[in-house]
Amino acid sequence: MPDYAGLCAEWQEMLTRRRAMGDALALWTSVLDGWRGWQDPGVEPLRWSAEQCRERWERGVPLLAEAVPAIAPESLEEILGPVMERLAAAGPDDAVALGRFAEAWDAGRIGPAALFPASGWAAAAALQDEAALPAHLAGFLAHAGVRPALETFFSLVRALPEGGWDRGFCPWCGGLPSYGDLLEDGRRRLSCHLCGSAWTAARLRCPFCQAWQSGDMVRLLGGGAEEGYFVEACLACRGYLKGVDRRERWNAASPLVEDWASPHLDYYAAREGYWRGTPSLAQLLPPDSDPAA
Ligand SMILES: [Zn+2]
Ligand SMILES: [Zn+2]
């Protein structure tokens, strides 16, 4: 079982530094609590050889596209329940959509695989047909629900050969990166919060559209961003990632903690007309509100 005690401790420490945000970050606290309490003795780690993994990665295929973990739906319910309650509080339309999701889940028409990024069109269509779930809510449920199970599943196949992957999405689960930091040696690292992975990537290439022209990637100066933190955006597809330069911020927290605790930067990027591929609390705010005000 993955151990989330360290992540939870970092998060609590971050909350004391972000007291001014009040309860705004509480949704993520409930997600982390759910991960820490998660138990499913039935999830077996994938036992592919290095060669079997490399063969997929050379074809540009994330492992989850060709290997399906057996996850008991009930094991996700204790994580998803509290998160759905908080999400439903955002508005009546969201509450209705989440109600449809719960009904389809209880009836067995959708299950954990519907929350995987790599299960392709069929699973995404099931979420759409069965629950008409808005994309940002589906993103929250996926990120809240499947992490401990996927982290268990991939625990024995995390050795990615240097230079063995050049796509913008996660080589394990196929999810989009949520954070992009610069390491002490200047390399760029992308993080997937969905399955808890990280991999190094080309510094000047957009992970969303693969744009590779100098000048396509720009740094936005986020309102209220502290030194060393940045928002990197692509002028070609207008996707963005937040990040931190660890040469300037050696004591920065884990990518997930830094990402989840800075919704003010997501709000800023969204207002400038940029999008991110994974959930952020800024997506739950009414369009005319300003969390920095
Ligand atoms: Zn992943
Ligand atoms: Zn792009």
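Residues numbered from 1 in each chain as written. Chains lettered and ligands numbered in written order. Predicted model: local features only at pLDDT ≥ 70, side-chain atom pairs only at ≥ 80, totals over all residues.

## Description of unusual backbone geometry
Glycine aside, negative phi is the norm for most residues, and most peptide bonds take the trans geometry. Positive phi, close to 45°, is recorded for Ala132, a residue that is not glycine. Tracing the chain through its elements places Ala132 in the loop between α6 (120-131) and α7 (135-145). Of note in this structure, Arg238 is not a glycine but carries a positive phi near 65°. Position of Arg238 relative to the elements: it lies in the loop between β5 (229-234) and β6 (240-244). Under the C-beta neighbour-count criterion, Arg238 is labelled partly exposed, with 15 such atoms within 10 Å. (Helix = DSSP H or I, 4+ residues; strand = E, 2+ residues; numbered from the N terminus. Buried ≥ 20, exposed ≤ 12 C-beta atoms within 10 Å, placed from the backbone.)

## Quick word on α7
Within α7, eight of the 11 residues are buried, which leaves it mostly tucked inside the rest of the structure. Regarding α7, the residues found buried are Leu137, Gly139, Phe140, Leu141, Ala142, His143, Ala144 and Gly145. Where α7 is buried, its residues meet α2 (26-37), α4 (73-88), α5 (92-106) and α8 (147-153). (Contact = placed C-beta atoms within 7 Å.)

## Some details on the sheet that holds strand β3 (residues 197-201)
An order of β1-β2-β3 is seen for the three strands of this open sheet, with the pairing classed as antiparallel. Each having just a single partner strand, β1 (179-182) and β3 make up the two edges of the open sheet. Shown here is a sheet whose adjacent strand axes are inclined to one another by a mean of 30°, direction ignored. The pairing of strand β2 (residues 188-192) with β3 spans five bridges and is classified as antiparallel. Bridging from a neighbouring strand, Leu190 pairs with Trp199 of β3. (Pairing = 2+ DSSP bridges. Axes fitted to C-alpha atoms, helices over the stretch in contact; angles between N-to-C directions.)

## Thoughts on the environment of Phe154
By secondary structure assignment, the location of Phe154 is in the loop between α8 and β1. When the C-alpha positions of Phe154 and Leu46 are compared, they lie 6.0 Å apart, and in sequence the two are 108 residues distant. In contact with Phe154, other than residues within four places in its own chain, are Leu46, Trp172 and Cys195.

## Focus on the domain arrangement of the protein chain
What the domain assignment reports for the protein chain is domain 1 (5-153) and domain 2 (179-284). Summarising the inter-unit geometry, the C-alpha centres of domain 1 and domain 2 are found 21 Å apart. Those elements giving two or more residues to the side of domain 1 that touches domain 2 turn out to be α1 (5-17), α2, α7 and α8. Looking at the side of domain 1 that touches domain 2 element by element, the count peaks at five residues for α7. Residue composition of the side of domain 1 that touches domain 2, by class: 13 nonpolar, three polar and four charged. (Domains from an automatic or database assignment. Nonpolar A, V, L, I, M, F, W, Y, C, P; charged D, E, K, R; others polar.)

## Comments concerning the sheet that holds strand β4 (residues 217-220)
Strands sit in the order β4-β5-β6 across an open sheet of three strands; the sheet is antiparallel. This sheet does not close on itself; its edge strands, each paired only once, are β4 and β6. In this sheet, adjacent strand axes meet at a mean angle of 30° when their direction is disregarded. Both β4 and β5 contribute to a ladder of four bridges, which runs antiparallel. Bridge assignment links Val218 to a residue of β5, and that residue is Ala233. Strands β4, β5 and β6 of the sheet are contacted by helix α10 (residues 263-271), whose axis makes an angle of about 30° with β5.

## Notes on the packing of α2 against α4
Relative orientation of the contacting elements α2 and α4 amounts to 170°, with a least axis distance of 8 Å. It follows from the interaxial angle that α2 and α4 lie roughly antiparallel. Between α2 and α4, the residues in contact are Leu27, Ser30, Val31, Gly34, Trp35 and Gly37 and Glu78, Ile79, Pro82, Val83 and Arg86, respectively. Of the residues in the contact of α2 with α4, the class split is six nonpolar, three polar and two charged. (Parallel < 35°, antiparallel > 145°, perpendicular 65-115°, else oblique.)

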